[in-house]
Amino acid sequence: MRFAVLVFPGSNCDIDCYKAVEQTVGEPVDYVWHTATDLSPYDAILVPGGFSYGDYLRCGAISRFAPVMNEVAKAAEQGKFILGICNGFQILTEAGLLPGALRRNESMKFRCHDSVLKVVNNDTPFTRHYEEGQEIVIPIAHGEGNYYCDEETLQKLRDNKQIVFTYSGNPNGSVGDIAGICNERGNVLGMMPHPERAVNSLLGSEDGKAMFTSIIQTWRDTHGAASVR
Ligand SMILES: NC(=O)CC[C@H](N)C(=O)O
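Because the structure is a prediction, the values reported are computed rather than measured.

Observations concerning unusual backbone geometry
One non-glycine residue with positive phi stands out, namely C86, at about 60 degrees. The topology assignment puts C86 in the loop between β4 (81–85) and α3 (87–94). Looking at C86, the relative accessible area reads 5%, which means it is buried. Unlike most non-glycine residues, M108 shows phi in positive territory, near 65 degrees.

Following this line, the structure appears as structure tokens:
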């Protein structure tokens, strides 16, 4: 299995994502520049956090026009795993690959601290190594993590089990305490907290590790390879 970590001008969590893959699952991983026009060698695509294009206009509003985003849409269509973290989540909503939008935090302040998340849906390729209802500690670091969608969309998210993580103690004003959602098919996930910053107890938490092992386990199950320990 091969991972891509996309890099936009202003990404700053790309190295963390790369290291998380390298150190937790040890699978091949490449940085892929935003001008790339071929993602065919990759099975999972990580859209990392940061301040792509300086967050001008709105976070992710410019990045979503990058050439690589056409390839991300194709990859999503093909059922490949797409994980957008923080700015990556913002880019995926701007690109229309996930519903809703991320607005300024209710406090109007940048929030950077650990957060407790509840795993609402562990039946996704990204969360199968968690228990349903499990509480995990994953850091947040954002100014625009206030997830918004209209009532109808919120109901759809609930009905289709697309709400994957909620906050225990809402740090930003998100509707329904939403911290992370997936698409209907379950192969595209966006979340504001940073699992790649929680893959080793030296970092304060290793609760993010299971996201990476879940992805690879799912891939191995469908490709007949050995299971992940
Ligand atoms: N860490 C991040 O990806 C931050 C995302 C975005 N720049 C924000 O402040 O909301």
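More follows now that the structure is in view.
A closer look at the pattern of salt bridges
Across all of its chains, the model carries six salt bridges by this definition. Between R220 and E27 there is a salt bridge, with its nearest N and O atoms 2.9 Å apart. Separated by 193 residues along the polypeptide, R220 in helix α5 (residues 209–223) and E27 in the loop between α1 (14–24) and β2 (29–33) bring together distant segments of the chain.

Description of the site of the ligand
Neighbouring the ligand are 14 residues; G50, D55, C86, A141 and E144 lie closest to it. A distance of 2.6 Å separates a nitrogen atom of the ligand from a polar side-chain atom of D55. G143 places a polar main-chain atom, nitrogen or oxygen, 2.9 Å from an oxygen atom of the ligand. Relative to its free-state accessible area of 290 Å², the ligand is covered by the protein chains to the extent of 98%. Listed by contribution, the elements that provide at least two residues to the shell around the ligand are α3 and β7 (135–142).

Some remarks on the UniProt feature "active site" (unreviewed entry) in the chain
Using the residue numbers shown here, the UniProt feature "active site" (unreviewed entry) corresponds to C86, H194 and E196. Taking the farthest pair of C-alpha atoms as the criterion, the annotated set spanning 111 residues converges on one region, since that pair is 10.9 Å apart. You can see H194 is positioned in the loop between β11 (188–191) and α5. Here H194 is in contact with C13, G49, I85, C86, I138, P139, I140 and A141, once residues within four sequence places are set aside. Here E196 is to be found in the loop between β11 and α5. Among the residues examined, E196 registers a relative accessible area of 3% and is labelled buried.

Cut-offs used in this document
Residue numbers restart at each chain and count upward from 1, following the sequence in its written direction. Local features are withheld for residues below a pLDDT of 70 in this predicted model, meaning they are given only at 70 or higher, and side-chain atom pairs are given and counted only at 80 or more; totals for whole chains, interfaces and linings count all residues. Note that the side-chain values use all heavy atoms of the structure and ignore hydrogens as well as water. Think of it this way: any DSSP run of H or I at least four residues long counts as a helix, any run of E at least two long counts as a strand, and we number them from the N terminus. Buried means the residue's accessible area, taken with a 1.4 Å probe over protein chains only, is under 20% of the maximum for its type, while exposed means over 50%, and partly exposed covers the values in between. The salt bridge definition used is simple: a Lys or Arg side-chain nitrogen within 4 Å of an Asp or Glu carboxyl oxygen. In this text, near means that some heavy atom of the residue lies within 4 Å of the molecule or strand in question. Any pair of nitrogen or oxygen atoms within 3.5 Å is treated as a polar contact; in protein, a donor-acceptor pairing is required on top of that, and neighbouring residues in sequence qualify only through side-chain atoms on both sides. Surface accessibility in these figures is a Shrake-Rupley result with a 1.4 Å probe; residues are shielded only by whichever protein chains are displayed. UniProt positions are given in the numbering used here, feature names are shortened, and annotations may be inferred rather than shown by experiment. Every residue pair with non-hydrogen atoms within 4.5 Å of one another is taken to be in contact.

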